[in-house]
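So you can see what is in the structure, the chains are spelled out below.
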Amino acid sequence: MKKESRTIYELVSSGTHKNNVALYKCRKNGRCFYKKVAFSSFSNRLIENEKKGYDWFYKIAEKDYQVILSRNNFFEIEIPEFRGKIHPPNIPLKGCKDEVEIIIDFYKKYWLNAQPFSIHGDLAISNIILSDGEDINIIDWEHFHLADPIYFGFDIFNMLFIALRNQFKKVESVSKKTKAFLKSCYNIIIDGVPASNQILEKPFQNSSDYLIRFKHKFGLCVEVTDKYALAKFPQRELEQLDLFIT
Amino acid sequence: MKELRSKLDQLYENVDGLYYNKSFSKGYWSNLSKKEQTVLLRNLERDSTRNIVNKLFPRLGKIIFDPMRAVGLRLLEIKEHEVGVDYGCMWGNLLIYCAKNCRSMLGVDQTRESLEFVKYRLKEENLFNCYLLNTNLRESLPLKGTFDFAIVNGVLEWIPDKNDVELNAFFRKNKSCIKKHSINPKLVQLEFLRMVYSNLKPGGKLYLAIENRYDYQYFLWKKDPHSNLFYTAFLPRRIANLISNAWYGRPYVNYLYSINELEQLTKEAGFAEVEKYAAFPDYRYPQKIIPVQTNMENNFKSVYMLRSTHNILKRGARKIRKILDWVIYKKLGLFSLAPSFIYIARKSED
């Protein structure tokens, strides 16, 4: 076997939140791609679920990509590499406002009337790849699950909260500028959403409630409060945030 | 599988599911003392291995059971039809991962008690494609051309050490050297690698994981984990010898190598090609494995398995280390100063 046809691996991450899944960046014959590999029987389910997430996304966004699932003793998926801007996990909200607006438009375009409706479950800005021309690819579908459309908006407010937490530790410290930005995001999201929606009346509180009520759907290997800051943030502070923006 | 079993049946004695080398006098290498091992094995009749270990020796839970210790083995691309060997399999963590992914595995270890423990684990995991062999790794294993892949994980540096090693007690000062060491540790290691090579089929692969002699932290604050002394890892061998003799009354034999020295060693053993990877924070619990000397983008990120602390000095030290890591590995790309290496060495197809 020639050297060039061998796969070169780079271990990118290993067992985040005890999920027993490893992510490798691979290169073979000049082509780059990713492999997500299970290392336990339980994490086989996570891999399979992630494949469902990608399939759902590619279908509704009409993207011509494919994620390949191999069902060996330990499952693995092969994910294409997407070129574009990737943000670090700890990016604060102030560093990505333009991107957030693009993402919200994208989310409204594809999720509002999606059949079936779904929750990504970890729609942090670091899991969204923006290429030139505003094409968006979303990765890390491990916590994907189908849901009632009345929970439209959960992913966006979870995303906003993650970015906000990277910037402010306490609600009192949130600047006027940031509050104004959050309000504008809220106005974009709420436009055209049915009155039956269960998130948008109190977006941060209701998103936190969703996490706690439906934690079994997220396929977590740790407590929901260990993974999601939104789930453990004090309710009264979330209430304050909601008052700012609604 | 039958072929491996018949070879083992011809060469070794099988007692209660363990193969023994009759000419081998007992050896010992373990995180536990012999007394603790006895307690562990006695209790395994009563409960699962996981419950017993968590109850009696919780500090070993991660090293024995964490499946993520096997992330480096993905580099081997183990196939279902392949037959593998784990030299120095100890608690069986990597052995079990491989066994779930290949046709059959041989686990070799000098510590009978470890293999007894692995027997229990294999039973719990419903794995019937593993064989266990109790023998000395310094002796030749005449299993020429048997294996598709071999694992030598944290073992090469211990091959020249003929002492029984109860790890916690091994670094007590002035512990007498009770056995003579090999005259030339490098030669012993080379002989071992030649044996590993010989036992591989044409095209077979070796997974070799070891600490780096020139991990930059050894120059600063990190002790050599094999001697528990400062500087012995990278100092000239004669000086390391002097230090070890002065402190422990025994020579320094746990040779580590630089990135190029290790490549040279594997090629001297016969391997045709070597793929080199740097492992962070080390090869035992890799969280980042980065290919060395390729055209791939440098995505290094400092990773350590740390408990949070309020101690200002500790936090300060960690920050300094993070900055040094960034400069050395990310900015300068000096993976020759990485903490550990993982090498995938291949035997030629001919």
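Residues numbered from 1 in each chain as written. Chains lettered and ligands numbered in written order. Predicted model: local features only at pLDDT ≥ 70, side-chain atom pairs only at ≥ 80, totals over all residues. Heavy atoms only, no water.

Observations concerning the overall build of chain B
So, point 1. Per the secondary structure count, chain B includes eleven helices and 14 strands.
So, point 2. The globule rule puts the C-alpha radius of gyration for 350 residues at 20 Å, and the 20 Å found for chain B is close to it.
So, point 3. Taking the principal axes of the C-alpha coordinates as reference, chain B spans close to 55 × 50 × 40 Å.
So, point 4. Evaluated residue by residue, chain B yields a buried proportion of 58% over its 350 residues.
So, point 5. Just so you have it, chain B exposes about 15,900 Å², and 52% of that area is on carbon and sulfur atoms.
So, point 6. When the 56 positive and 37 negative side-chain charges of chain B are each reduced to one mean point, those points stand 6 Å apart. (Helix = DSSP H or I, 4+ residues; strand = E, 2+ residues; numbered from the N terminus. Rg over C-alpha atoms; globule rule 2.2 N^0.38 Å. Buried < 20%, exposed > 50% of the residue type's maximum accessible area, 1.4 Å probe, protein only. Areas by Shrake-Rupley, 256 points an atom, 1.4 Å probe, with all protein chains shown as cover. Lys, Arg positive; Asp, Glu negative; His and termini not counted. Charge placed at Lys NZ, Arg CZ, Asp CG, Glu CD.)

Some remarks on the nonpolar core
So, point 1. Core analysis: the biggest nonpolar cluster contains 118 residues, and Val-100, Trp-111 and Leu-160 of chain A together with Ile-342 of chain B have the highest contact counts within it.
So, point 2. Of the residues forming this core, the biggest block, eight residues, is contributed by helix H3 (residues 154-165) of chain A.
So, point 3. If we skip the residues at most four places from it in the chain, Ile-342 of chain B touches Gly-72, Leu-75, Tyr-207, Leu-208, Ala-209, Glu-275, Lys-276, Tyr-277, Ala-279, Tyr-283 and Ile-289 of chain B.
So, point 4. Counting residues in each nonpolar core, the second largest holds 60 residues, with Leu-143, Tyr-218, Ile-259 and Ala-345 of chain B among its members. (Core = buried A, V, L, I, M, F, W, Y, C linked by side-chain atoms within 4.5 Å. Contact = heavy atoms within 4.5 Å.)

A few points about the interface of chain A and chain B
So, point 1. Every contact between the two is made by 24 residues of chain A and, on the other side, 27 residues of chain B.
So, point 2. Between chain A and chain B lies a buried interface of about 2,400 Å² when both sides are counted; carbon and sulfur atoms form 53% of it.
So, point 3. In terms of surface lost to chain B, no three residues of chain A exceed Tyr-9, Glu-10 and Phe-39 of chain A, which account for 28% of the buried area on that side.
So, point 4. The interface formed by chain A and chain B includes two salt bridges.
So, point 5. Of the charged contacts, one joins Glu-76 of chain A and Arg-74 of chain B as a salt bridge, the two residues approaching to 2.8 Å between their closest N and O atoms.
So, point 6. Elements that contribute at least two residues to the side of chain A that touches chain B include exactly strand S1 (8-14), strand S2 (21-28) and strand S3 (31-38) of chain A.
So, point 7. Element by element, the count of residues in the side of chain A that touches chain B is highest for S1 of chain A, at seven residues.
So, point 8. Looking at the side of chain A that touches chain B residue by residue, the class counts come to eleven nonpolar, six polar and seven charged. (Buried area = accessible area lost by both parts, 1.4 Å probe. Salt bridge = Lys/Arg side-chain N within 4 Å of Asp/Glu carboxyl O. Nonpolar A, V, L, I, M, F, W, Y, C, P; charged D, E, K, R; others polar.)

A look at the packing of helix H8 (residues 185-198) of chain B against helix H10 (residues 259-268) of chain B
Residues and elements named next belong to chain B.
So, point 1. Where H8 meets H10, the axes come as close as 8 Å, and the angle between the chain directions of the two elements is 55°. If you check the angle between H8 and H10, you find them oblique. As for how H8 packs across H10, the hand of that crossing is right-handed. Residues Lys-186, Leu-190, Leu-193 and Arg-194 of H8 form the contact with H10, whose own contacting residues are Leu-265, Thr-266 and Glu-268. (Axes fitted to C-alpha atoms, helices over the stretch in contact; angles between N-to-C directions. Parallel < 35°, antiparallel > 145°, perpendicular 65-115°, else oblique. Left-handed = near helix turned anticlockwise from the far one by under 90°.)

Section: the environment of Ser-114 of chain B
All names here are of chain B.
So, point 1. Position of Ser-114 relative to the elements: it lies in helix H6 (residues 112-124).
So, point 2. Judged by its relative accessible area of 0%, Ser-114 falls in the buried class.
So, point 3. As for Ser-114 and Gly-88, which are separated by 26 residues in sequence, their C-alpha atoms are 9.8 Å apart.
So, point 4. If near-sequence neighbours (up to four positions away) are discounted, Ser-114 is found in contact with Trp-29, Gln-37, Met-90 and Asp-109.

Quick look at the packing of aromatic side chains
All names here are of chain A.
So, point 1. For the coordinates displayed, the defined rule picks out 48 aromatic pairs over all chains.
So, point 2. Residues Tyr-9 and Tyr-24 carry aromatic rings whose centres are separated by 5.8 Å and whose planes lie at 80° to one another, so their mutual orientation is edge-to-face. On the criterion of sequence distance, the pair formed by Tyr-9 in strand S1 and Tyr-24 in strand S2 is long-range, its members being 15 residues apart. Across this residue pair, the class does not change: Tyr-9 and Tyr-24 are buried.
So, point 3. Relative to Trp-111, the ring of Tyr-107 lies with its centre 5.0 Å away and its plane at 25°, an arrangement referred to as stacked. (Phe/Tyr/Trp six-rings, centres within 6.5 Å; stacked < 30°, edge-to-face > 60°.)

Re empty space enclosed by the protein
So, point 1. Tallying each qualifying case throughout the model produces four cavities of 30 Å³ or more.
So, point 2. In this structure, the largest cavity occupies an estimated 60 Å³ of space.
So, point 3. Taken together, 13 residues line the largest cavity, and the ones lying closest to its centre are His-226, Ser-244, Arg-250, Pro-251 and Asn-254 of chain B.
So, point 4. For the lining of the largest cavity, the class distribution of residues is six nonpolar, five polar and two charged.
So, point 5. As a volume, the second largest cavity reaches approximately 50 Å³.
So, point 6. Sorting elements by how many residues they give to the lining of the second largest cavity places H3 of chain A first, with three residues.
So, point 7. Counted by class, the lining of the second largest cavity contains seven nonpolar, no polar and two charged residues. (1 Å grid on protein atoms, 1.4 Å probe; cavity = no way out; pocket = protein on both sides within 12 Å on 5 of 7 lines; lining within 4 Å. Points joined across faces, edges and corners; volume = space filled by probe spheres on them.)

Notes on the pairing of strand S5 (residues 75-80) of chain A
Residue and element names in this part refer to chain A.
So, point 1. In terms of burial, S5 is a largely internal element, six of the six residues being buried.
So, point 2. The alternating pattern of S5 places Phe-75, Ile-77 and Ile-79 and Glu-76, Glu-78 and Pro-80 on opposite faces, both of which are buried.
So, point 3. Here strand S4 (residues 68-71) pairs with S5 via four bridges, running antiparallel. Among the inter-strand pairings, Arg-71 is bridged to a residue of S5, identified as Phe-75.
So, point 4. Where S4 hands over to S5, the hairpin turn is made up of three residues, counted between the paired strands. (Pairing = 2+ DSSP bridges.)

Focus on the pattern of salt bridges
So, point 1. What the rule picks out here adds up to 32 salt bridges over all chains.
So, point 2. A salt bridge links Glu-81 of chain A to Arg-83 of chain A, with the nearest nitrogen and oxygen atoms 3.4 Å apart.
So, point 3. Among the salt bridges present, the one from Glu-125 of chain B reaches Arg-121 of chain B, with a minimum N-O distance of 3.5 Å.
So, point 4. A network of salt bridges, in which partner residues are shared, links Arg-31, Lys-35, Glu-76 and Glu-78 of chain A together with Arg-74 of chain B.

Description of helix H11 (residues 312-331) of chain B
All names here are of chain B.
So, point 1. The end-to-end C-alpha separation of H11 is 27 Å, in line with the 28 Å expected for 20 residues at 1.5 Å each.
So, point 2. When H11 is considered as a whole, its buried residues turn out to be Arg-321, Asp-325, Ile-328 and Tyr-329.
So, point 3. Of the surrounding elements, those touching the buried residues of H11 are strand S12 (273-280).
So, point 4. Of the residues that open H11, the one with a side-chain oxygen 2.9 Å from the backbone nitrogen of Leu-313 is Asn-311.
So, point 5. Count one or two residues on from H11 and you reach Gly-333, which has phi positive near 60°. (Expected span 1.5 Å × (residues − 1). Polar contact = N/O pair within 3.5 Å; in protein donor to acceptor, adjacent residues only side chain to side chain.)

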